[in-house]
Amino acid sequence: MKNFSKYIVLSLITLLVSCKEDAEKPKVIYGKSEKPKATVSADTSKIVVADLPIQMVGTSVLIHPIGALSVSDNKGSKIESSSYDRDQSFVISNSNEYEITGYLSNLKFQQVGSDSLHVLTDKQILIERITYLKNFSDKTKKQLLVYVLEDMDSNGDGKLDGSDIKSLYISEINGSKFIKFSVDLQELIDWNLIESQNRLYFRTIEDINKNGAFDKDDKVHYQFVDLLSKDWKVVEYSPI
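Since we're looking at a predicted model, the values are computed, not measured.

Rules of the game
Residues numbered from 1 in each chain as written. Predicted model: local features only at pLDDT ≥ 70, side-chain atom pairs only at ≥ 80, totals over all residues. Heavy atoms only, no water. Core = buried A, V, L, I, M, F, W, Y, C linked by side-chain atoms within 4.5 Å. Buried < 20%, exposed > 50% of the residue type's maximum accessible area, 1.4 Å probe, protein only. Helix = DSSP H or I, 4+ residues; strand = E, 2+ residues; numbered from the N terminus. Phe/Tyr/Trp six-rings, centres within 6.5 Å; stacked < 30°, edge-to-face > 60°. Lys NZ or Arg CZ within 6 Å of the ring centre and 35° of its normal. Pairing = 2+ DSSP bridges. Axes fitted to C-alpha atoms, helices over the stretch in contact; angles between N-to-C directions. Polar contact = N/O pair within 3.5 Å; in protein donor to acceptor, adjacent residues only side chain to side chain.

Concerning the nonpolar core
Then step 1. Leu107, Phe109, Ile127, Ile130, Leu145 and Tyr147 are the most contacted members of the largest nonpolar core, which totals 21 residues.
Then step 2. Counting only elements with at least two residues in this core, the list comes to strand 2 (61–70), strand 5 (99–111), strand 7 (126–132) and strand 8 (144–150).
Then step 3. Among the elements that line this core, the one with the most residues is strand 5, at four residues.

Take a look at the structure:
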């Protein structure tokens, strides 16, 4: 019993040290140019696959999620998904009526009645969440998608993953006009649509002391975009 208690104590210490190391790991690694790489090397241990198409309620566009699967070198082993549900082979996304989640490297769009596919972007990105602004569409007849994604290897570990800076993007329902709202090297905190104003509000945090982490000494930016404007200009405001 005494030995078992010692084991528990040691395990807790190891866990606390591990958590502390993870917490102290910089979110951003600055190089000579003070800007992280936007591209990473291809992972040859993964294969690229697409999920079956998804159609948001009330739209005439099919969305094909594209992502990578980790494949073991062991013969006969199970293929493991890099999506949220790792028990489902070849599944790279989850979806409901108005949202798609996962770890997606790209999307392709297909107009109903056409066999042509159009890719979202030729840049390296990792999409975590796509939200269809359904209520906004019902009101304005303007169909838009909002994206939360990573678009650069901010921590310099050679991978594009959830440990890198999150950014905010938007596009038309067919993937056109794919535009970044958040500023490079500013971490997205959250976003919210105010339907009465047709505005998308969002917050980001800037690492102003360049210590590689986002903390109390950094600056929070408050911004909004009028989604009915032609140029989707980002406006910064000060609520405090």
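A look at the packing of aromatic side chains
Then step 1. Under the criterion given, the structure shown has eight aromatic pairs.
Then step 2. Aromatic side chains Phe181 and Phe202 sit 6.3 Å apart centroid to centroid with 15° between the ring planes, which places their arrangement in the stacked category. One end of the pair, Phe181, is in the loop between strand 10 (179–180) and strand 11 (186–194); the other, Phe202, is in strand 12 (residues 199–206), and 21 residues separate them in sequence. An identical accessibility class is assigned to Phe181 and Phe202; each is buried.
Then step 3. Sitting above the plane of the Trp232 ring, Lys177 keeps its charged end 3.9 Å from the centroid.
Then step 4. Against the face of Phe224 rests Arg199, its NZ or CZ located 3.9 Å from the ring centre.

A word on the sheet that holds strand 14 (residues 234–237)
Then step 1. If you trace the four strands from one edge of the open sheet to the other, you get 11-12-13-14, paired in antiparallel fashion. The two strands at the open ends of the sheet, each matched to only one other strand, are strand 11 and strand 14. Taken pair by pair, the neighbouring strands of this sheet meet at an average axis angle of 30°, ignoring direction.
Then step 2. For strand 12 and strand 13 (residues 219–226), the ladder comprises eight bridges, and the chain directions are antiparallel. Across the sheet, the residue bridging to Arg203 is Tyr222, located in strand 13.

Quick notes on the side chain of Asp151
Then step 1. Within the secondary structure, Asp151 sits in the loop between strand 8 and strand 9 (166–172).
Then step 2. We classify Asp151 as buried; its relative accessible area is 11%.
Then step 3. Polar side-chain contacts of Asp151 include one of 2.7 Å to the side chain of Tyr169.
Then step 4. Separated by 2.8 Å, the side chains of Asp151 and Lys180 make a polar contact.

Structural notes on the pairing of strand 7
Then step 1. For strand 7, the buried fraction is high: six of the seven residues fall into the buried class.
Then step 2. Two strands pair when backbone bridges link them, and strand 5 and strand 7 are joined in this way by four bridges, in the antiparallel orientation. Residue pairing across strands places Thr101 opposite Arg129, the latter belonging to strand 7.
Then step 3. The pairing of strand 7 with strand 8 spans six bridges and is classified as antiparallel. Within strand 8, the position partnered with Ile130 by the bridge is Tyr147.

Quick word on unusual backbone geometry
Then step 1. In this structure, Leu185 takes a positive phi of about 70° despite not being glycine.
Then step 2. Tracing the chain through its elements places Leu185 in the loop between strand 10 and strand 11.
Then step 3. A positive phi angle, close to 50°, is found at Trp232, a residue other than glycine.
Then step 4. Topologically, Trp232 is positioned in the loop between strand 13 and strand 14.

A few points about the side chain of Lys166
Then step 1. One can find Lys166 in strand 9.
Then step 2. At 3.2 Å, the side chain of Lys166 and the backbone oxygen of Gly162 are in polar contact.

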